[in-house]
Amino acid sequence: MTSNHTDCHYCLQSLRGRKYALREENTYCITCYDSLFANPCEECKQPIECDSKDLSYKGRHWHERCFKCTKCSRSLVEKPFAAKDEFLLCTECYSDEYSSKCFHCQKTIMPGSRKMEFKGSSWHESCFVCQYCQQPLGTKPLITKDNENYCVPCFEKQFAHRCYSCKKVITSGGVTYHDQPWHKECFVCAGCKTQLSEQRFISKDEYPYCVDCFNKYYAKKCAACQKPVTALGGAKFITFEERQWHGECFNCVKCSVSLVGQGFLTRQDDVLCHECGLA
């Protein structure tokens, strides 16, 4: 501004015909105003005169010519920028130095853009998608296989096993029987329907049976004690002419000596040692 009738509020010299500045309704000559009120420039440390543009950021001030990237020295006037440890950087330099790289495309995730964090890695939002349907995963539940991410429906469609019994997806655990997957709760005895996932069972005609049901329906009876004869646990049994005996039951019916591994004679349904058979 130019004055024709006032004096400088500080030095009291006439401002007639001279430029002046106003501050809190007081008038100052340019020299006094700059010495009293001009902000020092962060870059060159010189005062920012009242006839210069004062650019400020977080309480700090720069000349327009000094407001530039610390690394590449390009002007930041009317351009996006970032601050790191009180230094100003253009977005390109900041990205090169500090920004995360997208795990998928390996390109920089620019400051201000939205990024996703998953298993310690960063992703562009547009790169964080289901490998199969390519739909954004965002915060949806997902499953990772071979370093690729899938939404749950696509993973189940592509990879999940389906229970041989109920045909539903097995999401965790499960039992394999005859090369077929089963839910633990679906893997039951074909006879009594007791769950078999944590107990011994016997296969018959491709169906699993608990020991009790197998013995009840299928196991042959010992010719001596009439109890079921099974080979579970490595138990020994003897077969002769379509009859079976427990190892401990295969004894001479007369003297009770064990006939396991010995020669024996038969008399009708009885088995006898040689001595008793020839007596």
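The structure presented is a predicted model; accordingly, all values stated were derived computationally and were not measured.

Comments concerning the environment of Gly138
Link 1 in the chain: Inspection of the secondary structure assignment puts Gly138 in the loop between β9 (121-124) and β10 (142-145).
Link 2 in the chain: The class of Gly138 is partly exposed, set by a relative accessible area of 30%.
Link 3 in the chain: C-alpha of Gly138 to C-alpha of Asn215: the two residues are 77 residues apart in sequence and 55 Å apart in space.
Link 4 in the chain: Residues contacting Gly138, with those up to four places away along its chain left out, are Met116 and Phe128.

Quick word on the domain arrangement of the protein
Link 1 in the chain: Split into domains, the protein comes out as domain 1 (20-97), domain 2 (99-159) and domain 3 (221-278).
Link 2 in the chain: Relative to domain 3, the C-alpha centre of domain 1 lies at a distance of 107 Å.

A word on the side chain of His183
Link 1 in the chain: Locating His183 in the fold gives a position in the loop between β13 (180-182) and β14 (201-204).
Link 2 in the chain: In this structure His183 comes out as buried when scored by relative accessible area, which is 12%.
Link 3 in the chain: Aside from chain neighbours lying at most four places away, what touches His183 is Cys163, Cys166, Lys168, Val169 and Ile170.

What counts as what
Residues numbered from 1 in each chain as written. Predicted model: local features only at pLDDT ≥ 70, side-chain atom pairs only at ≥ 80, totals over all residues. Heavy atoms only, no water. Helix = DSSP H or I, 4+ residues; strand = E, 2+ residues; numbered from the N terminus. Buried < 20%, exposed > 50% of the residue type's maximum accessible area, 1.4 Å probe, protein only. Contact = heavy atoms within 4.5 Å. Domains from an automatic or database assignment.

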